Amino acid sequence: MAEIEIRDVCLNYDTPAGRVTGVQDVSLDIDRSEFLCLVGPSGCGKSTLLNIIAGFIPPSGGEIRIGGRKVDGHGMDRGVVFQDFAQLFPWRTALGNVAFGLEMKGVPKDEREAIALEQLRLVKLDKFVKSYPHHLSGGMQQRVAIARALAYNPAVLLMDEPFAALDALTRDDMQRLLADVWRETRKTVVYVTHNVSEAVYLADRVIVMTPHPGTVKTEVQIALPRPRDPLSVEFLDYQKKLLRELGQMQN
Ligand SMILES: Nc1ncnc2c1ncn2[C@@H]1O[C@H](COP(=O)(O)OP(=O)(O)OP(=O)(O)O)[C@@H](O)[C@H]1O
Ligand SMILES: [Mg+2]
């Protein structure tokens, strides 16, 4: 059985200007421990789909099951990381941010701090546990956000362009770090990106969406051993294949 089952999911936004399709007729099975990337043109519905999986918005039609249970609101089985650096609590230290979900769950202080420290170690921030978000770089803040999403040990990690606002070098570092984190934790990951190189670097499978109103166009399995070499011929071939599917390359 797939870890995440998405069946005939659609979503309409009702706005003062009329009804807008957010995403249309998406059906998809995602296996346990799979790293799945979603790519597609701006406005096709990637964030909408991720938000439906997260349980932040209910679909207008269809349903999603995670571990066999129907998604109905947000749950502790899903950790979410967004693009925005402002997703952390500015008044809490890195450790306080990561421990937050555990605190809500009623985990005792010593235990939650030990878990938070472990997660910060995983994202290589153990020297910054006492730092506040405004004293951390963008990449470090995103690492805290990843540690926070992992802290309560969710089955599924949902990420919406988490590195899009970073400079190219930091972004490369973060991709490597995320690949390591995934290798160690074996979470099921759904990762939204605009960047085909990022998708080829990270994914087991890439779902290409159609332009708005978006649905699944095709899927590409990335059959490359890890760690992947972005300069290899095979890597560039996958990038070209994805760009072709996205209509951004002619031949
Ligand atoms: N809150 C909202 N209210 C009304 N329409 C919305 C809302 N959020 C998104 N939409 C519309 O739904 C469609 C899908 O938007 P979504 O944000 O999911 O796209 P996306 O693929 O994530 O785009 P991007 O790559 O630019 O982040 C778009 O046409 C958008 O205008
Ligand atoms: Mg988006």
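Not measured: the values here are computed from a predicted model.

Student: So what's going on with the pairing of strand β4 (residues 61-66)? Residues and values would help.
Tutor: Relative to β4, strand β1 (residues 4-15) runs antiparallel, the two being bridged by five bridges. Paired with Cys10 across the strands is Gly61, a residue of β4. Pairing analysis gives two bridges linking β4 to strand β5 (residues 69-70), with the strands arranged antiparallel. Bridge pairing in β5 links Ile66 to Arg69.

Student: Outline the pattern of salt bridges, supporting the account with residue identities and numerical values.
Tutor: By the definition in use, this model includes 17 salt bridges. For Glu34, the salt bridge identified is with Arg205, shortest N-O distance 2.7 Å. Here Arg205 lies in strand β9 (residues 205-209) and Glu34 lies in the loop between β2 (18-30) and β3 (35-39), a separation of 171 residues in the sequence. Linking Lys217 and Glu245 is a salt bridge whose minimum nitrogen-to-oxygen distance equals 3.4 Å. Placement of Lys217 in strand β10 (residues 216-221) and of Glu245 in helix α7 (residues 233-245) is noted, with a sequence separation of 28 residues between them. One continuous salt-bridge network, built from bridges that share partners, spans Glu34, Arg205 and Glu219.

Student: A description of the site of ligand 1 should follow, citing residues and the corresponding values.
Tutor: Around ligand 1 there are 16 residues in total, and Ser42, Gly43, Lys46, Ser47 and Thr48 lie nearest to it. Contact between ligand 1 and Ser42: an oxygen atom at 2.5 Å from a side-chain N or O atom of the residue. A distance of 2.8 Å separates an oxygen atom of ligand 1 from a polar side-chain atom of Ser47. Notes on ligand 1: free accessible area 630 Å², of which the protein chains cover 64%. The set of elements that each furnish at least two residues to the shell around ligand 1 consists of β1, β2 and α1 (46-54). When the residues that make up the shell around ligand 1 are grouped by side-chain class, the tally is four nonpolar, 10 polar and two charged.

Student: Please set out helix α4 (residues 138-151) residue by residue, giving values where relevant.
Tutor: The terminal C-alpha atoms of α4, which comprises 14 residues, lie 20 Å apart, in line with the 20 Å expected from a rise of 1.5 Å per residue. Of all 14 residues in α4, 14 are buried, a share of seventy percent or more.

Basis of the calculations
- Residues numbered from 1 in each chain as written.
- Chains lettered and ligands numbered in written order.
- Predicted model: local features only at pLDDT ≥ 70, side-chain atom pairs only at ≥ 80, totals over all residues.
- Heavy atoms only, no water.
- Pairing = 2+ DSSP bridges.
- Helix = DSSP H or I, 4+ residues; strand = E, 2+ residues; numbered from the N terminus.
- Salt bridge = Lys/Arg side-chain N within 4 Å of Asp/Glu carboxyl O.
- Near = heavy atom within 4 Å.
- Polar contact = N/O pair within 3.5 Å; in protein donor to acceptor, adjacent residues only side chain to side chain.
- Areas by Shrake-Rupley, 256 points an atom, 1.4 Å probe, with all protein chains shown as cover.
- Nonpolar A, V, L, I, M, F, W, Y, C, P; charged D, E, K, R; others polar.
- Expected span 1.5 Å × (residues − 1).
- Buried < 20%, exposed > 50% of the residue type's maximum accessible area, 1.4 Å probe, protein only.

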